[in-house]
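Residue-level listing of the chains:
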Amino acid sequence: MTLSASEKLSRLYAQFSSDDHVLVVFNADPDAIASAMAMKRLLWRKVSSISLSNINVVSRPDNVANEAFSKIKADVVIDHHPDTNAKASFHDIRPHYGATASIMTEYLRAARIKPSAKLATGLFHAIKTDTNNFQRQTQVEDLKAFQFLFRHVNVYLERKIEQAEMQFDFLKYFKSALESYRFRRGRLYAHLGNVNTPDLIVIIADFFMRVNTVSWSIVAGIYEKKLVIVFRSDGLRKNAGKVAENSFGYMGSAGGHKSAARAEIPLDKIKLTNIDNEKKILNWIIHRIEKKSIKRG
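Quantities reported herein were computed from a predicted structural model and do not represent experimental measurements. (Residues numbered from 1 in each chain as written. Predicted model: local features only at pLDDT ≥ 70, side-chain atom pairs only at ≥ 80, totals over all residues. Heavy atoms only, no water.)

1. So, the overall build of the protein
Link 1 in the chain: The helix and strand tally for the protein stands at ten helices and ten strands.
Link 2 in the chain: Put simply, the protein has 297 residues, and 45% of those count as buried.
Link 3 in the chain: Element-wise, carbon and sulfur atoms account for 50% of the exposed surface of the protein, whose accessible area totals about 15800 Å². (Helix = DSSP H or I, 4+ residues; strand = E, 2+ residues; numbered from the N terminus. Buried < 20%, exposed > 50% of the residue type's maximum accessible area, 1.4 Å probe, protein only. Areas by Shrake-Rupley, 256 points an atom, 1.4 Å probe, with all protein chains shown as cover.)

2. Things to note about the pairing of strand β1 (residues 21-26)
Link 1 in the chain: Only one face of β1 is buried, namely the one carrying Val 22, Val 24 and Phe 26, since none of His 21, Leu 23 and Val 25 on the opposite face is buried.
Link 2 in the chain: Bridge count between β1 and strand β2 (residues 49-54): six bridges; the pairing is parallel. Residue pairing across strands places Val 25 opposite Ser 53, the latter belonging to β2. (Pairing = 2+ DSSP bridges.)

3. Observations regarding the side chain of Lys 128
Link 1 in the chain: Relative to the helices and strands, Lys 128 is located in helix α4 (residues 117-130).
Link 2 in the chain: At 3.2 Å, the side chain of Lys 128 and the side chain of Glu 158 are in polar contact.
Link 3 in the chain: Those residues within four positions of Lys 128 in sequence are excluded, and the remaining contacts are Asn 133, Phe 146, Glu 158 and Glu 162. (Polar contact = N/O pair within 3.5 Å; in protein donor to acceptor, adjacent residues only side chain to side chain. Contact = heavy atoms within 4.5 Å.)

4. Overview of the pairing of strand β7 (residues 216-223)
Link 1 in the chain: Of all eight residues in β7, seven are buried; the element is thus mostly enclosed.
Link 2 in the chain: The pairing of strand β6 (residues 187-194) with β7 spans six bridges and is classified as parallel. Bridge pairing links Asn 194 to Ile 222 in β7.
Link 3 in the chain: As for the winding sense of the linkage, the β-α-β connection from β6 through helix α8 (residues 199-208) to β7 is right-handed.
Link 4 in the chain: The pairing of β7 with strand β8 (residues 226-233) spans eight bridges and is antiparallel. What sits directly across from Ile 222, in β8, is Leu 227.
Link 5 in the chain: Where β7 hands over to β8, the hairpin turn is made up of two residues, of which Glu 224 adopts a positive phi near 50 degrees. (Right-handed = clockwise from strand over helix to strand, strands pointing away.)

5. Digging into the packing of helix α7 (residues 171-180) against α8
Link 1 in the chain: Between α7 and α8, whose axes approach to 11 Å, the crossing angle comes to 50 degrees. Classified by the interaxial angle, the pair formed by α7 and α8 is oblique. The crossing of α7 and α8 is right-handed. Contact residues: Tyr 173, Phe 174, Ala 177 and Leu 178 in α7; Leu 200, Ile 203, Ile 204, Phe 207 and Phe 208 in α8. (Axes fitted to C-alpha atoms, helices over the stretch in contact; angles between N-to-C directions. Parallel < 35°, antiparallel > 145°, perpendicular 65-115°, else oblique. Left-handed = near helix turned anticlockwise from the far one by under 90°.)

Structure below.
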């Protein structure tokens, strides 16, 4: 049975009472931050208090790790990422949507809430980011949310967010990637070694997709004893989420959407004699991906 937006809103509100103290927990990126802000607005004056808390360091200039939530007992889970395995009394998981911000915008509209310029701009930017300006997986619902938010956006704030300055320390990772990348048949591979935030891997993977001859950008880095691999593709042929899962799913967490995916593998699962040898790890990544997924189809 397909529920209307107002029915979903009623079920969401039914999870809370006026004396509740609510904690909204999220893994910080533009989509999660804006969605958390939207949840706070939805619950305003309906509960006793609302607090927002991110479980990771916010280091991305314009600002999917499910394992970090494993010890948190949630009452409500809202997401657009597939296979979260989250347990809660209320679920709203829509993997066909391009952004969680689109889902939250539907809730705001169902509640007849006019978003503030700050909230609208955050949600607007989140949809742009997670759909890569509608070049990644998207639905008509994302477009409807985008059009609605546009009427309330502060264009100057949006421009400031878009032009957020990059940390100077990031440049050395770009240098490393440009000096050591491998390129074959439209696929660009790079390994950054140890990074101080996995957001760097995402930024560089997105950067390489701007090169006109690149159809796949696969960038890796080591963070907190895990090898993090970010996949970006043009989405024309193979599914990035399936490639990530087929290549590394049995070793750790892996998956995503058609044009954007991610894998996280504990270092002790990688059987290499020298895990600090960046060239060796890059060769291992290329071998696994081309043997397991991309060539095979």
